[in-house]
Amino acid sequence: MSDKLQFVVAFNEVPYGRHDKLKFAGQCEPMTVLSISDIHKRFGPTLALDGVNLQLRKGEVRALIGENGAGKSTLMNVVAGSLRPDHGKMELEGDPYEPSSPLDARLHGIALIHQELSLCPHLSVAENIMMGIESSRLGWLDRQSLHARTLEVLKTFHHADIRPETRVADLSLPSRQIVETCRAIAARARIILMDEPTSSLQRDDVERLFALIRKLKNEGISVIYISHFLEEVREIADSFTVLRDGKSVATGEIASVTDEQLIAHMVGRPVENLFPHRSAKSFEGQDTILEVRDLAAPPLLKRASFELRRGEILGIAGLMGSGRTPLVRAIFGLDKAESGTITLKGKALSARGGTPAMRLFQRLGYVSEDRKGEGLALRLSVADNITLTRFASCSRWGWLDLSRQRKQTERQINSLSVKARSVRQPVSTLSGGNQQKVALARLLHQDADVLLLDEPTRGIDIGSKAQVYETIAQCAAENRAILMVSSYLPELFGMCDRLAVMSRGRLSAAKPIDDWTPESVMQAAIGGDESDQRNAAE
Amino acid sequence: MVAEAKQIPDFSFSTFLQKWLNRVGPILGLALVILIFYTLTPGHYLSTFNLRVVLGQTVIVAIGAIGMTMIIVSGGIDLSVGSVIALTGVITAVSLNAGLSPAIAVTAGILAGGSVGLVNGLVITGLTFHVLYFVLVAWIEILLFRAGFRLIPMAACLGFLLLLRFLLSFIIRRFSGRTLPRFGVVPFIATLGMLGVARGTAKWLAGEQTVNVPETWVNELIVLFPRPAWLLLAPGVWVAIILAVIAAIVLRNTVFGRRVFALGSNEVAARACGIATDRLKIWIYGLAGLLFGLAGVMQMSRLRQGDPTVAAGTELDVIAAVVIGGGSLSGGEGTIFGSMIGALIMAFLRNGCQQIGWHNYVQEIIIGAIIVIAVAVDRWRTARVAA
């Protein structure tokens, strides 16, 4: 066994909270535990972190808030040693802190509770909680002490009902979250980073978590708490830091600001003048092309109803994980809908048994939010990607007519001004913006009537964004209907005719865009229906 | 409430039944196979003699399956088993021929298997430098051996190996900063490559012909009638049983064993919890390699010669044994006990087909079908649990 691992064990044998007391004996003033200054991190063309500063005091609960993509999770990964910053400095209790790995961060007493659960489903609760710090004698697993220590940790969380020997795969989602939290506590951390720990918890479990956080706080453990939900933040945090576009833009005591001020910090960016001018139209006379009623695809999508008319752009706002993507996927037949109806051009479609092939045939088109993962076949050529959904247009008896394919591709490329050397060039060699244009060109080539666009401008440069907006507006002018899901509020305000907000799996009524303000959208997305949540819990 | 409701069935009868079924599922399969062939064959199927035959035939696949279970549970795969068996068999035979004592020859065979496994692990985790010096050491050792040196190179090489290890790591730390670029290769490809390399090395060492060995106790490892009659079963069978028991306990009751499961269940989580996943993988492949080396010794003992072309395709039998026994190729699942039953199922099938006088091709078709059916039944069972 490595000496490092042995050190972990030794480190964790220190009785609960003891090393804190040893280390901080004689300290009266609340001292800075973690100091982050001017952290930068770049992923390819996108600047994820662009100068973040944060001072965390001992025993402080700091809320880290910001819109999706503001860099919160990246920052957490930097602190927890999974990512290395490009430049910038971190100090832990005055000493320079440069974690080389998650293990190193753990040795320094930093624990990260991930947004996505990271448990081993095949192992027992005890084995998961004590992973990496198992009780053992000469490599021999001491199950009794393992279970005893696990029970002790579970008890501090008032969840003695979770049995240490249960397999994690047999636990419900909220219980798994609890196990994950317990794992961080079991490691005797000094700083716990919580990345949206309540996203899958019931209300009473949230309260237990808060009680636990308060307890940790009293023992001098600091917490960085990421959440979208302002009411939670108000309940638990002492102070806040707002991240916007990878920068820390505001820091202060939570009691001294209003929700409105916080939201203003989060969304407060000027709307660039990059949206095409669209003449205001009345859609009253237009016929409804797509109507969705009470569509549900558990667990994320609970209920969504809307109608979409020809020539209209309907925006859907909402936080990540609120069920926006499942909605689009359920409509397109990628996810199984459990109930609800979908009516296309007056004809009822099978909502539950839909497949993407059927939807393509019914002239729906879909652009995935995950361009690299499922949007494009990255190693195929531009031509293949664009004609993929309608090879029929350039083939006969199953034989591809390559020259016809080239001509059709060139037409699409020119109309969208995709920058590619050749139509035979692999899509992976294009820039992100041009890749996204190829994804959009596929829908145009497919000649879809209804365009389902999930984050159509995620991670692309301003120039490509303008081009994409232009194309979307043009599609609307051609009387196609567009459903646009986006996290980027200015683009929804710049493009949409109507807007609906998704919150915790429920879609609000669609209202004309002029009836919304960025603040009211944020409010609807963040506030959600707390009462609904409570009802669901009971 | 939802949370609690889901945990109560912990004690319910259906969960109990499920657990029980999971445990005895492979045994039921084995019982079924035995029953079918018992009715089909005339008489001798369950005689002590035939049982000895079957157990003797199982030994090689069973020992291989112990190592393979560890690898598959950790989410990996090893396709080089057949070639490693040939290589280590040849090494044992060549060592015996060179006049080394049987114990040293057997140790050499086992250690050679371990080295191959170690190289597999190093290639998979991308520790290129370590691979290079291992290959260098092996090459020098083989050259020395072929040049006529015998016992001395063994000891000298071990010392040389250690020296080089420290020298290299010192140089690496001193001059190239903290981390080296790594080029990990997925287990499938890494071990597919090793399949060729090990087979070729075996042929090189054996001079492309079988190596006959002098009469020693090594040849008696899986005989039908062991020399002290009170042993009842061949020493090889006992070795396999003991190793299986040890491996089962290690997987269940040691930190190492549980980390193997953690690695296969969720590698990201394991690493986030401070488990040194790379090191763990190297250990797993190395340990499994030792077992494959032992399987090679058994193979040599059975043929009474080192044959560099033997055991082609054995890796598939070994993998099939693990999979029939409930191992999941996506990792996190599998038991030694199940794998042993899987190996027995295949041995009983082969033997039964031979007794009836069916052709070889019938066996192959049946075994192929059994693998698919076993996995399908397993998936069906787990899907029902999830629902």
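What you see is a predicted model; the values in this text were computed from it and never measured.

So, on to the overall build of chain B. On a plain count of helices and strands, chain B comes out with 15 helices and two strands. Partitioning the contacts of chain B with sequence separation of at least 6, the portion at a separation of at least 24 is 77%.

Counting residues at the interface gives 29 residues for chain A and 27 residues for chain B. Those elements that place two or more of their residues in the side of chain A that touches chain B are helix H1 (3-13), helix H4 (102-107), strand S8 (140-141) and helix H7 (173-186) of chain A. Residue composition of the side of chain A that touches chain B, by class: 14 nonpolar, ten polar and five charged.

Before going further, it helps to spend a moment on the confidence of the model for chain B. Residues and elements named next belong to chain B. Residues with a pLDDT of 70 or more make up 83% of chain B, whose mean pLDDT is 82. Per-element averaging of pLDDT across chain B places helix H1 (residues 2-7) at the bottom with 39 and helix H9 (residues 235-253) at the top with 93. Predicted confidence for residues 1-10 stays below pLDDT 50, and this span has 17 contacts to residues more than four positions away or in other chains. What the predictor reports for the complex is a pTM of 0.73 with an ipTM of 0.75.

Turning to the sheet that holds strand S9 (residues 191-195) of chain A, a few remarks are in order. All names here are of chain A. With mixed pairing, the six strands of this open sheet are ordered in space as S6-S9-S10-S3-S11-S12. Whereas interior strands pair on both sides, the edge strands pair on one side only; in this sheet they are strand S6 (110-113) and strand S12 (247-253). Pairs of neighbouring strands in the sheet enclose a mean axial angle of 15°, with direction left out of account. Pairing of strand S11 (residues 239-244) with S12, which is carried by six bridges, proceeds in the antiparallel orientation. Paired with Val242 across the strands is Ala250, a residue of S12.

All names here are of chain B. Their axes nearest at 7 Å, the elements helix H13 (residues 314-324) and helix H14 (residues 336-356) cross at an angle of 120°. Here H14 runs oblique to H13, going by the angle between their axes. Considering the relative orientation of H13 and H14, their crossing is right-handed. Contact residues: H13 offers Asp317, Ala320, Ala321, Val322 and Ile324, while H14 offers Ser339, Gly342, Ala343, Ile345 and Met346. When its residues are assigned to classes, the contact of H13 with H14 shows seven nonpolar, two polar and one charged.

Here we take up the pairing of strand S14 (residues 301-309) of chain A. All names here are of chain A. Summarising the sheet, strand S13 (residues 288-297) and S14 pair through six bridges and their orientation is antiparallel. Within the sheet, the bridge partner assigned to Val292 lies in S14 and is Phe306. In this antiparallel pair of consecutive strands, S13 and S14, the connection spans three residues.

Turning our eyes to something else, we now look at the environment of Thr181 of chain A. Residues and elements named next belong to chain A. Assignment of secondary structure puts Thr181 in helix H7. For the pair Thr181 and His114, spaced 67 residues apart in sequence, the C-alpha separation works out to 9.2 Å. Each residue touching Thr181, except ones within four places of it in the same chain, is listed here: Ile113, Phe157, Pro197 and Leu209.

Attention now moves to unusual backbone geometry. All names here are of chain A. At Asp294, a residue that is not glycine, the phi angle is positive and equals roughly 50°. Position of Asp294 relative to the elements: it lies in strand S13. Of note in the backbone geometry, Arg363 takes a positive phi value of approximately 65° without being a glycine. Checked against the element boundaries, Arg363 lands in the loop between helix H12 (356-361) and strand S18 (364-367).

Before going further, it helps to spend a moment on the nonpolar core. Grouped together as the largest cluster of nonpolar side chains are 248 residues, with contacts concentrated most on Ile192, Leu193 and Leu295 of chain A. For this core, the leading source of residues is helix H12 (residues 277-303) of chain B, giving 15 residues. Not counting residues up to four positions away in its chain, the partners in contact with Leu295 of chain A are Leu301, Ala304, Leu327, Ala330, Ala337, Gly340, Ile342 and Ala351 of chain A.

Let's shift gears to the packing of helix H3 (residues 48-73) of chain B against H14 of chain B. Residue and element names in this part refer to chain B. One can describe the packing of H3 onto H14 by two numbers: an axis separation of 8 Å at closest approach and a directional angle of 140°. The angle between H3 and H14 places the two elements in the oblique class. In this structure, the crossing between H3 and H14 has a hand that is right-handed. Mapping the contact onto sequence places Asn50, Val53, Val54, Gln57, Thr58, Val61, Ala62, Ala65, Ile66 and Thr69 in H3 and Ile336, Ser339, Met340, Gly342, Ala343, Leu344, Met346, Ala347, Phe348, Arg350 and Asn351 in H14.

This next bit is on helix H8 (residues 187-206) of chain B. Residues and elements named next belong to chain B. Across its 20 residues, H8 extends 28 Å between first and last C-alpha, which sits within 8% of the 28 Å expected from 1.5 Å per residue. Along H8, the residues that are buried comprise Pro187, Ala190, Thr191, Met194, Ala198, Arg199, Thr201, Ala202, Leu205 and Ala206. Buried residues of H8, viewed axially, fall in a sector of 165°; they line one side. Facing away from the buried side of H8 by more than 90 degrees, the exposed set consists of Ile189 and Gly196. With its phi angle positive at about 65°, Gly207 sits one or two positions after the end of H8.

What counts and what doesn't
Residues numbered from 1 in each chain as written. Chains lettered and ligands numbered in written order. Predicted model: local features only at pLDDT ≥ 70, side-chain atom pairs only at ≥ 80, totals over all residues. Helix = DSSP H or I, 4+ residues; strand = E, 2+ residues; numbered from the N terminus. Contact = placed C-beta atoms within 7 Å. Nonpolar A, V, L, I, M, F, W, Y, C, P; charged D, E, K, R; others polar. pLDDT = per-residue confidence, 0-100. Pairing = 2+ DSSP bridges. Axes fitted to C-alpha atoms, helices over the stretch in contact; angles between N-to-C directions. Parallel < 35°, antiparallel > 145°, perpendicular 65-115°, else oblique. Left-handed = near helix turned anticlockwise from the far one by under 90°. Core = buried A, V, L, I, M, F, W, Y, C linked by C-beta atoms within 7 Å. Buried ≥ 20, exposed ≤ 12 C-beta atoms within 10 Å, placed from the backbone. Expected span 1.5 Å × (residues − 1). Arc of directions from axis to C-beta.

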